[in-house]
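# What the coordinates show
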Amino acid sequence: MLRNTLWNLLGEGLPMAAALLSIPWLISAVGMERFGALTLIWALLGYLGVLDLGLGRSLVQVVADRIGHGAEHGNGSASAASSSANTAGIAGPAIALMGAIGLLTGGVVALGAGLLADRFQLETGTSPDEIRLSLLVAAAIVPIALISAGLRGVLEAHQRFRPISLVRMTVGVLNYLSPLCVLPFSQSLVPVIAAIAVGRFVGLVGYGILAVGQVPDLLRPGRWGRPSLRGLFTMSAWMMLNNLVGPAMLYADRFILLSLVPAAMVAFYTTPFELLSRLMVIPGALSLALFPLASSLFRRDPPALGRILDAGGHLTLAVFLVMQAATIVGGETALELWLGPAFAANSASVLSILMLGVFFNATAYVPNTLIQSVGRVDVTARLQMAELPVYLGVLWLLAERYGATGAAVAWSLRTAVDCGLLLVLLPRLAPGTGAVALTIGLRALLAGAAGLAGLLVGGPVGAAISLTGLLAVGLGVAGRLLRTRSWEKLAAPLRKTRPAAALPAPMPTAIMNGRAIDGAATDRP
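These numbers come from a predicted model, not from an experiment.

## Focus on the overall build of the chain
Tallying secondary structure elements over the chain gives 18 helices and 0 strands in all. Restricting to contacts in the chain with at least 6 residues of sequence separation, those with at least 24 account for 87%.

Printed below as a string of structure tokens:
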């Protein structure tokens, strides 16, 4: 678990480092106007990636579940061959459908390139023809990205995180550094986007070679058979709903705040928010490693979910207790050194409040991942839909009265409620996780109360109160991690029964009805 998490972090971290290195050079070489257009095209590609209908994430769960089911019953090389056909029977049609969706979406972008170019021209001053040609190249990236996501899903289900991260690092670095290679010859956006497209194609080839090596029957459509895809599509529909509602809650605060206060005041909220949101890469990497593991284990070793929650949940608590303490000790000083005393004076309290929200948001990742791993995407989709109108109402009221501070309180309150509800729902969907969920929930609540008490008291005394409470909770968390060593037990069932052998198994009825025995949802924003 820890090794896979570290590989996932490396896969995210190296491209971020490449971005920090390349962006200043890109701005100086192509100018702020062209760079603005480039960032919009990047954003467009990122948003279009959501249009895979949730198939990429759902594919991981379904394939991992079949691997786990087959490992329980498999007994030899013959069943290994049937495992490849069985996996390919689900993955092949899903990846083909994702490719078709990518071609359709890319075609729409290509047809609308002229209209989009005119819109970009109004905002950036860049030539419409240059933008139009750049969008045509970007349209070709869309099917490449969606097919790559499907292939990566097959590999994640088999827990091949090291090769996945190597390909991901390569694509991420090429995404930012390959444009620098064409700048000596041209400052136009067209070759810049073309260089990015080449990097994405390299990634597609890499994922394809790895996936076919893992599941050879992916290249043999005649052996895909006619498995039921109903469960996959039902889960992907709920996953798609999660992907739409989640960003709405993530970005609603900026738009509401902008409509109520001057734009300069919005920066006092968005700047610390963007800074702290980068920390979510840590629980994101952990949940990425836990998801296929839990999906594979939950049917043949249900107590494993409790061990996963114990190890992953307490590990997340440990990391973010340290983050919260660091914010209390040096958050305002860091803002002052980074953006100046005036900005720090207006934004320090917002940073502290948002850190509480980030703490609860991070704590929610593992229970959210476990619910998702057992097939109940519908639970968290319904939960987000129920939260959205309440959150928007509270956000509007608090932002209207207290500005950026009110928006920070509303967001942090939502994440705390969301975390609590997930921990309450998890034992109902995954029996055997109740005691651990209660322990994690109580420790998160005590840590949040300590942080809140410090904010209300304020000054050095408030900081001392918060740090004392966090230290007390941290000692309990550290003792739990050192005493139980749950992570050492997580892979034990996999060692006993290798997933190389898997018998053909029909889609479980509970998943086919979108209501698996035990649960699922997307990562919290």
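## Remarks on the packing of aromatic side chains
Geometry of an aromatic ring pair is reported as the spacing of the ring centres plus the angle between the planes. Inspection of every chain in the model, using the stated rule, returns 3 aromatic pairs. When the centroid spacing of 5.0 Å and the interplanar angle of 75° are considered together, the rings of Phe 273 and Trp 411 count as edge-to-face. Of the two residues, Phe 273 is situated in helix 9 (residues 263-277) and Trp 411 in helix 14 (residues 404-429); the sequence distance between them amounts to 138 residues. Trp 411 carries the same exposure label as Phe 273, and that label is buried. Arranged with centres 5.5 Å apart and planes meeting at 75°, the rings of Phe 359 and Phe 360 form a pair that is edge-to-face.

## What to know about helix 15 (residues 434-457)
What sets the pattern is the α-helix's 3.6 residues per turn: residues three or four places apart point alike. Between its terminal C-alpha atoms helix 15 stretches 34 Å, which fits the 34 Å expected from 24 residues at 1.5 Å a residue. Those residues of helix 15 not exposed but buried are Val 436, Ala 437, Ile 440, Arg 443, Ala 444, Ala 447, Gly 448, Ala 450, Gly 451 and Gly 454.

## Re the packing of helix 5 (residues 128-157) against helix 7 (residues 189-214)
Running from N to C, helix 5 and helix 7 cross one another at 15°; their axes reach a closest spacing of 9 Å. Looking at the two axes, helix 5 sits roughly parallel to helix 7. Note on packing geometry: the crossing formed by helix 5 with helix 7 is left-handed.

## Digging into a nonpolar patch on the surface
On the surface, Phe 201, Val 205 and Ile 209 cluster together into a nonpolar patch covering about 290 Å² of accessible area. Residue position: Ile 209 is located in helix 7. For Ile 209, a relative accessible area of 61% corresponds to the exposed category.

## Comments concerning helix 6 (residues 161-182)
With 22 residues, helix 6 ought to run about 32 Å at 1.5 Å a step, and its terminal C-alpha atoms sit 31 Å apart, in line with that. At Asn 175, helix 6 is deflected by roughly 45°, the largest bend along its length, and proline Pro 179 occurs up to four residues later in sequence.

## As for the pattern of salt bridges
Opposite charge on two side chains makes pairing possible when the charged atoms of those side chains draw close. The final tally for this structure, using the stated rule, is 2 salt bridges. When the shortest N-O distance is used, the salt bridge between Asp 310 and Arg 480 registers 3.2 Å. Of this pair, Asp 310 sits in helix 11 (residues 303-339) while Arg 480 sits in helix 16 (residues 459-484); the two residues are 170 residues apart in sequence, bridging distant segments of the chain. Each member of the pair, Asp 310 as well as Arg 480, carries the same accessibility label: buried. With its nearest N and O atoms 3.6 Å apart, the salt bridge here joins Arg 414 to Glu 387. Of the two residues, Arg 414 sits in helix 14 while Glu 387 sits in helix 13 (residues 377-402), which places them 27 residues apart along the sequence. Judged by relative accessible area, Glu 387 falls into the buried class, the value being 9%.

## A closer look at the confidence of the model for the chain
Per-residue confidence for the chain gives a mean pLDDT of 75, with 71% of residues at or over 70. Highest mean pLDDT in the chain belongs to helix 15 (92); lowest belongs to helix 18 (residues 509-512) (31). Here residues 71-82 scores under 50 on pLDDT; set against residues more than four positions off or in separate chains, the count is 21 contacts. This stretch, residues 490-525, has a pLDDT under 50; its non-local contacts, to residues over four places away or in other chains, come to 146 contacts.

## Observations regarding the packing of helix 12 (residues 341-373) against helix 15
The relative placement of two packed helices comes down to the angle between their axes together with the axis-to-axis distance. Put simply, helix 12 and helix 15 touch, their axes get as near as 10 Å, and they point 175° apart. Compared by their axis directions, helix 12 and helix 15 come out roughly antiparallel. Taken together, the residues of helix 15 that come into contact with helix 12 (itself represented by Ser 352, Ile 353, Leu 356, Phe 359, Phe 360 and Thr 363) are Ile 440, Ala 444, Leu 445, Ala 447, Gly 448, Gly 451, Leu 452 and Leu 455. The class makeup of the residues in the contact of helix 12 with helix 15 is 10 nonpolar, 4 polar and no charged.

## A look at the side chain of Thr 415
Positionally, Thr 415 belongs in helix 14. Judged by its relative accessible area of 2%, Thr 415 is buried. In contact with Thr 415, other than residues within four places in its own chain, are Gly 357, Phe 360 and Asn 361.

## Some points on the environment of Ser 165
Tracing the backbone through its elements, the reader meets Ser 165 in helix 6. Overall, Ser 165 belongs to the buried group, its relative accessible area being 0%.

## Considering the nonpolar core
Judged by nonpolar contacts, the single largest core of 66 residues is most densely connected at Leu 257, Tyr 269, Leu 309, Phe 320, Leu 354, Phe 359 and Leu 370. Broken down by element, the residue count for this core peaks at 15 residues, all from helix 12. Dropping the residues within four chain positions of it, Leu 354 is found in contact with Tyr 269, Pro 272, Phe 273, Leu 276, Ala 408, Trp 411 and Ser 412. Core analysis: the second largest hydrophobic core is formed by 20 residues, Trp 42, Ile 131, Leu 180 and Leu 183 among them.

The rules behind these values
- Residues numbered from 1 in each chain as written.
- Predicted model: local features only at pLDDT ≥ 70, side-chain atom pairs only at ≥ 80, totals over all residues.
- Heavy atoms only, no water.
- Helix = DSSP H or I, 4+ residues; strand = E, 2+ residues; numbered from the N terminus.
- Contact = heavy atoms within 4.5 Å.
- Phe/Tyr/Trp six-rings, centres within 6.5 Å; stacked < 30°, edge-to-face > 60°.
- Buried < 20%, exposed > 50% of the residue type's maximum accessible area, 1.4 Å probe, protein only.
- Expected span 1.5 Å × (residues − 1).
- Axes fitted to C-alpha atoms, helices over the stretch in contact; angles between N-to-C directions.
- Parallel < 35°, antiparallel > 145°, perpendicular 65-115°, else oblique.
- Left-handed = near helix turned anticlockwise from the far one by under 90°.
- Patch = residues over 30% accessible without salt bridge, like charges linked within 9 Å, V, L, I, M, F, W, Y side chains within 5 Å.
- Areas by Shrake-Rupley, 256 points an atom, 1.4 Å probe, with all protein chains shown as cover.
- Salt bridge = Lys/Arg side-chain N within 4 Å of Asp/Glu carboxyl O.
- Bend = angle between axes of the 7 residues up to and from the residue.
- pLDDT = per-residue confidence, 0-100.
- Nonpolar A, V, L, I, M, F, W, Y, C, P; charged D, E, K, R; others polar.
- Core = buried A, V, L, I, M, F, W, Y, C linked by side-chain atoms within 4.5 Å.

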